[in-house]
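Single-letter residue listing:
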Amino acid sequence: MGTPLDALTAGALHLTPGAALMMVIGGLLVYLAVAREYEPMLLLPIGAGAILVNLPLSPLGGPDGLLTTLYRIGVGNEAFPLLLFVGIGAMTDFGPLLEHPRMVLVGAAGQFGIFATLLAARALGFTPQESASIGIIGAIDGPTSIYVSQLLAPHLLGPITVVAYSYMSLVPIIQPPIMRLLTTAAERRIRMPYSERTISRRTRVLFPIAVTVVIGVVVPMATPLVGMLMLGNLLKESGVVERLVGTVSRELADVVTLGLGLAVGSTMRAEAFLTPGTLAILGLGLAAFALDTAAGLLFARLLNVLSRGRFNPLIGAAGISAFPMAARVVNKVGLEADFENFLLMHAMGANTAGQIASVVAGGVLLALMGH
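Calculation criteria
- Residues numbered from 1 in each chain as written.
- Predicted model: local features only at pLDDT ≥ 70, side-chain atom pairs only at ≥ 80, totals over all residues.
- Heavy atoms only, no water.
- Helix = DSSP H or I, 4+ residues; strand = E, 2+ residues; numbered from the N terminus.
- Rg over C-alpha atoms; globule rule 2.2 N^0.38 Å.
- Buried < 20%, exposed > 50% of the residue type's maximum accessible area, 1.4 Å probe, protein only.
- Areas by Shrake-Rupley, 256 points an atom, 1.4 Å probe, with all protein chains shown as cover.
- Axes fitted to C-alpha atoms, helices over the stretch in contact; angles between N-to-C directions.
- Parallel < 35°, antiparallel > 145°, perpendicular 65-115°, else oblique.
- Contact = heavy atoms within 4.5 Å.
- Nonpolar A, V, L, I, M, F, W, Y, C, P; charged D, E, K, R; others polar.
- Polar contact = N/O pair within 3.5 Å; in protein donor to acceptor, adjacent residues only side chain to side chain.
- Expected span 1.5 Å × (residues − 1).
- Phe/Tyr/Trp six-rings, centres within 6.5 Å; stacked < 30°, edge-to-face > 60°.
- Salt bridge = Lys/Arg side-chain N within 4 Å of Asp/Glu carboxyl O.
- Core = buried A, V, L, I, M, F, W, Y, C linked by side-chain atoms within 4.5 Å.

Colleague: Break down the overall build of the chain for me, with residues and values.
Modeller: A tally of regular secondary structure across the chain gives 20 helices and zero strands. Here the C-alpha atoms of the chain give a radius of gyration of 22 Å, agreeing with the 21 Å that 2.2 N^0.38 yields for 371 residues. Along the first, second and third principal axes, the C-alpha atoms of the chain reach 85 × 45 × 40 Å. Residues classed as buried in the chain amount to 55% of the 371 residues present. With an accessible surface of roughly 16,100 Å², the chain has 70% of that area assigned to carbon and sulfur atoms.

Colleague: Explain the packing of helix H9 (residues 128–135) against helix H10 (residues 142–152) residue by residue, including any values.
Modeller: Where H9 meets H10, the axes come as close as 9 Å, and the angle between the chain directions of the two elements is 175°. The orientation of H9 with respect to H10, classified from their angle, is roughly antiparallel. Contacts from Gln129, Ala132 and Ser133 in H9 reach Val148, Ser149 and Leu152 in H10. The residue makeup of the contact of H9 with H10, split by class, is three nonpolar, three polar and no charged.

Colleague: With reference to specific residues and values, describe the side chain of Ser307.
Modeller: With respect to the helices and strands, Ser307 occurs in the loop between helix H18 (276–306) and helix H19 (325–337). A polar side-chain atom of Ser307 sits 3.3 Å from the main-chain amide nitrogen of Arg310.

Colleague: So what's going on with the environment of Asp64? Residues and values would help.
Modeller: One can find Asp64 in the loop between helix H3 (40–54) and helix H4 (66–75). You can call Asp64 exposed: its relative accessible area is 72%. Distance in space between the C-alpha atoms of Asp64 and Leu343 is 51 Å, their sequence separation being 279 residues.

Colleague: Mind laying out helix H12 (residues 171–182), listing which residues take part and the relevant values?
Modeller: Look at H12: 16 Å from first C-alpha to last across 12 residues, which is about the 16 Å you get at 1.5 Å a residue. Of the positions making up H12, those classed as buried are Val171, Ile174, Gln175, Pro176, Ile178 and Met179.

Colleague: So what's going on with the packing of aromatic side chains? Residues and values would help.
Modeller: This model, assessed by the stated rule, comprises one aromatic pair. Centre to centre, the rings of Phe94 and Phe207 are 5.4 Å apart; their planes meet at 50°, and the pair counts as tilted. Of this pair, Phe94 sits in the loop between helix H5 (79–91) and helix H6 (95–99) while Phe207 is found in helix H14 (residues 201–218), placing the two residues 113 residues apart along the sequence. Per residue, the accessibility class of Phe94 equals that of Phe207, and both read buried.

Colleague: Quick one: what's the story with the pattern of salt bridges, residue by residue and with numbers?
Modeller: Counted under the stated rule, the structure contains eight salt bridges. Put simply, Arg204 and Glu237 hold a salt bridge, and the shortest N to O gap is 3.4 Å. Note that Arg204 is positioned in helix H14 and Glu237 in helix H15 (residues 223–238), a separation of 33 residues in sequence. One salt bridge in this structure joins Glu237 and Lys236, with 3.2 Å as the shortest N-O distance. By relative accessible area, which is 30% here, Lys236 ends up partly exposed. One network of salt bridges, with partners in common, ties together Asp93, Arg204, Lys236 and Glu237.

Colleague: Requested: an account of the nonpolar core, with residues and values cited.
Modeller: Judged by nonpolar contacts, the single largest core of 101 residues is most densely connected at Ile315 and Val330. A total of nine residues in this core trace back to one element, the largest contributor, which is helix H20 (residues 344–368). Setting aside residues up to four positions removed in sequence, Ile315 forms contacts with Met103, Val106, Met192, Val330, Leu343, His346, Ala347 and Ala350. Counting residues in hydrophobic clusters, the runner-up holds five residues, among them Val86, Leu235, Val245 and Val248.

Colleague: How would you explain unusual backbone geometry if you had to name every residue and give the values?
Modeller: Residue Phe323 is joined to Pro324 through a cis peptide bond whose omega torsion reads -5°. Relative to the elements of secondary structure, Pro324 occurs in the loop between H18 and H19. For Leu57, which is not a glycine, the phi torsion comes out positive at approximately 65°. In this structure, Leu57 sits in the loop between H3 and H4. The class for Leu57 is exposed, based on a relative accessible area of 56%. Of note, Ile140 is a non-glycine position whose phi angle comes to about 50°, a positive value. Relative to the helices and strands, Ile140 resides in the loop between H9 and H10. Accessibility expressed as a relative area gives 0% for Ile140, which makes it buried.

And the structure:
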């Protein structure tokens, strides 16, 4: 039987260099969330979870610990990301997309990087399932990345989630240089007058139902993602369940985000996170993001040619799922080229199309991997 002093020093004696480094990484995530406000709603609890799970002999990460339980009930069965999608749907206005349906094409083009990165990851030696999970980072959609990676490569959930949300927070930094590189000054000055069209309540209510049915039939594996997203939007557009809309977009979303962050942080144990694969995921995730942005811009340039110079190629950069950050970045770069060139509503249409396209891409990856 050990002495009281042994009990008091047991934790320090079991602290490994890897665990200590992971606590530093967790502290860095907390710093980025607090000091830099990089996706604080998720990076802060992820960082806290990483610190807590790497504390030596901590019961929180044990078989019946809180962090393990949160992972089992919220991530292991995909409940947390799907519930989060209900809240996202309740906060999303698909009006700009309904006014300009052609933006669906821009959203589809903005997913190219996902599949290109999948091939690159395979070339680097990752398994097909791991490659698909890494590729989905390019959607710049945290819940979709969590959902897909949990099903295909749960051992990579920690690094994939951290990378996905980190790049989401860096959209205003990463995208503008690519936008300026792939468009000319004259193209960035193209004005797209916005004439708001009234979208009937019937159309707004039928839209989420129709999208769910069509995508559910064509890509069944995307049904959980798109179904929950559109359920939230249906609640919003119905206009008869304001209390539910308020709950799923605020209280429920906040509780789920906290649980999700802690659960993901609990996967960031030193032995799983501190590997060469983590650095590869960091680089491949950035490549996926850049390729998605580039593909959207190049496709938008094609639309500009087909429209005889009436489509601003900057809109293509909004075809990812980082809503509404990508749309705001497009508008900002457009205003830098011409201070009277307001592209926000057009970019919002492409951005909401990117949301739908990203969950479809996630379903396609799950189907391709035979899940």
